[in-house]
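Descriptive analysis of the structure
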Amino acid sequence: MLDKSYVVPWGKRGVLPADTEAAVLAELIHESTPLPTGVRRERFERSFAESVGSRHAISVTSGTVALQLAVRMLGLTPGDEVIATPQTHQATVQPLFDYDVQVRFCDIDPTTLTLDPAVLESLITPRTKALLLVHYGGCPAEMDTIMALARRHGFLVLEDCAHALGTRYRGCSAGSLADIATFSLRNSRNNSLLEKGGLITCDRDDWAERLYRLRADGTDARSAHLRPDHTAAPNPALWTPHTVPLQRGPARRPGGAATMPDMVAALGQTQLTRLPATTARRRALAGRLDEVLTRYPFMTPQSTPAHSTHAYHLYTCFTDHQELRDRLVLSLDRRGVEIQLRYFPQHLLPQWRHRGHLRGECPVAERSWFEQHLNLPCHPLLTAYQEDYLIEALDESLAELNGGAPAPLPVPVTACGR
């Protein structure tokens, strides 16, 4: 409930502030070099690209901006078809409204809530130009099958990694598994206490060059700079930010002031080193929650592929039916445990229904949200007491739903071991 104080609250930040962040901020405030130099931003981008395993990482002001610019790289034209997951925040698919394309929502796997490759294959047509997918909650999609379909049919894949800092698939990090990827550094994300921030990762040099220009108020053209009289400028080093020459060729669209501030990049650089520890804490708590749920036959934890590492931005589980789910949510709420349901199926939002999408289009996603799934708190801001309270409250609530027969409490563990 919005006006309630919870014993176990939903995570509002990805990590607790540490002395390292305070030291970085103090250094930035007291140094004499102007903040917008870009040195820290470039260092952060190099570190992020290296951690993901991508050739380029382009930082921007938010995850939403990252998605908008990444979608622009897909080269969508009128009449193209784009396939997208319905199990996501609206920011993933919202940029598609800027293009005269047909969006086809692909249903999800009922155990992982990531895109179902079998359904995907049935939606591909000669007009399919791109696919937008999400690693829901930090659980990776089946990328080998998806990318094989993309290469066979000639469409591009964008992976939204807003949940996926710390996610790995067959030994590779999310953000390096498709043609282009986006990340969010919003304060609720896995390794962030920042207000906003975003990154785009890719291996293509031409895309990176365009993205660097677009984020800094440039125009989306691919050619060298020229003088106003269309002759080559003798010395580009003499140009200033206020005397940029014209560009050869059509300027497709203007850019925006989307460059990440150096202060945000400096904090991001510091927090990047904390990612393994925070991911381990999330996985440890997820392991304890799994142990409780598996003692009740009417509950199922979200499935994780054996060859993957789940980052647990969201901890998701399923009940057998809607009445049971709703009773469990109310029971946990009464005990002071904050519950959320993420996300409402995108194709049923008013803006997409206006474009002709209807209920029944993605039956698995619809059944999951309306009847089965819920998200439990699972984040490193919880104290040891809050974690123990969450485990006890969950077990007590499930025992009530089981006719008053409690299951043995799990033994606390320090690592998930999956």
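Residues numbered from 1 in each chain as written. Predicted model: local features only at pLDDT ≥ 70, side-chain atom pairs only at ≥ 80, totals over all residues. Heavy atoms only, no water.

Each helix and strand in the protein was counted, giving 12 helices and 15 strands. Evaluated residue by residue, the protein yields a buried proportion of 55% over its 418 residues. Residue pairs in contact within the protein that sit at least 24 positions apart in sequence constitute 74% of those at least 6 positions apart. For the protein, the exposed area adds up to about 18500 Å²; of that, 55% sits on carbon and sulfur atoms. (Helix = DSSP H or I, 4+ residues; strand = E, 2+ residues; numbered from the N terminus. Buried < 20%, exposed > 50% of the residue type's maximum accessible area, 1.4 Å probe, protein only. Contact = heavy atoms within 4.5 Å. Areas by Shrake-Rupley, 256 points an atom, 1.4 Å probe, with all protein chains shown as cover.)

The subject of this paragraph is empty space enclosed by the protein. Per the counting criterion, the structure on display carries two cavities of 30 Å³ or more. Together, 12 residues line the largest cavity, and Trp10, Gly11, Arg282, His313 and His379 are the ones closest to its centre. Tallied by class, residues from the lining of the largest cavity come to six nonpolar, four polar and two charged. (1 Å grid on protein atoms, 1.4 Å probe; cavity = no way out; pocket = protein on both sides within 12 Å on 5 of 7 lines; lining within 4 Å. Points joined across faces, edges and corners; volume = space filled by probe spheres on them. Nonpolar A, V, L, I, M, F, W, Y, C, P; charged D, E, K, R; others polar.)

We now examine the side chain of Thr319. Mapped onto the fold, Thr319 is located in strand S14 (residues 315–319). Classification of Thr319 by relative accessible area gives buried; the value is 3%. Only 3.1 Å separates the side chain of Thr319 from the backbone oxygen of His321, close enough to count as a polar contact. (Polar contact = N/O pair within 3.5 Å; in protein donor to acceptor, adjacent residues only side chain to side chain.)

Glancing now at the pattern of salt bridges. What the rule picks out here adds up to 17 salt bridges. Close ionic contact of Arg215 with Glu45 constitutes a salt bridge, the shortest N to O distance being 2.5 Å. Taken as a pair, Arg215 in helix H6 (residues 205–215) and Glu45 in helix H2 (residues 39–52) lie far apart in primary sequence, 170 residues in all. Comparing Arg215 with Glu45 shows no difference in burial state: the two are buried. In this structure, Arg204 engages Asp206 in a salt bridge whose closest nitrogen and oxygen atoms are separated by 2.7 Å. Residue Asp206 is classed as partly exposed on the basis of its relative accessible area, which comes to 33%. Through salt bridges that share partners, Arg281, Arg288, Glu387 and Asp388 make up one connected network. (Salt bridge = Lys/Arg side-chain N within 4 Å of Asp/Glu carboxyl O.)

This brings us to the confidence of the model for the protein. Of the residues in the protein, 82% have a pLDDT of 70 or more, and the chain-wide mean is 86. Scored below 50 in pLDDT, residues 409–418 makes 23 contacts in the model with residues more than four places away or belonging to other chains. (pLDDT = per-residue confidence, 0-100.)

Read from one edge of the open sheet, three strands run S12-S14-S15, paired in antiparallel fashion. Edge positions in the sheet fall to strand S12 (299–301) and strand S15 (373–376), since each of these pairs with one other strand and no more. Averaged over all pairs of adjacent strands, the angle between strand axes in this sheet comes to 30°, irrespective of strand direction. Where S12 and S14 come together, three bridges link them in antiparallel fashion. (Pairing = 2+ DSSP bridges. Axes fitted to C-alpha atoms, helices over the stretch in contact; angles between N-to-C directions.)

For the rest of this paragraph, the subject is the pairing of strand S3 (residues 102–105). What you see with S3 is a clean split: Val103 and Phe105 sit on the buried side and Gln102 and Arg104 on the side with no burial. In this structure, strand S2 (residues 81–84) lies alongside S3, joined through four bridges in parallel fashion. Of the residues in S3, the one forming a bridge with Ile83 is Arg104.

On to the nonpolar core. Ranked by internal contacts, the top residues of the largest apolar core, which has 44 residues, are Leu74, Leu76, Leu96, Leu132, Leu158 and Ile180. With six residues, helix H3 (residues 63–72) is the largest single contributor of residues to this core. When residues of this core are assigned to domains, at least three fall in each of domain 1 (19–264) and domain 2 (275–402). Among residues more than four places away in sequence, those in contact with Ile180 are Ala70, Met73, Leu74, Val157, Leu158, Glu159, Ile200, Thr201, Cys202, Trp207 and Leu211. (Core = buried A, V, L, I, M, F, W, Y, C linked by side-chain atoms within 4.5 Å. Domains from an automatic or database assignment.)

Turning to the pairing of strand S5 (residues 156–160), a few remarks are in order. Burial of S5 is extensive: five of the five residues sit out of reach of the surface. Burial along S5 is two-sided: the face carrying Leu156, Leu158 and Asp160 and the face carrying Val157 and Glu159 are both buried. As paired strands, strand S4 (residues 128–134) and S5 are joined by five bridges and run parallel to one another. Directly across from Leu131, in S5, lies its bridge partner Val157.

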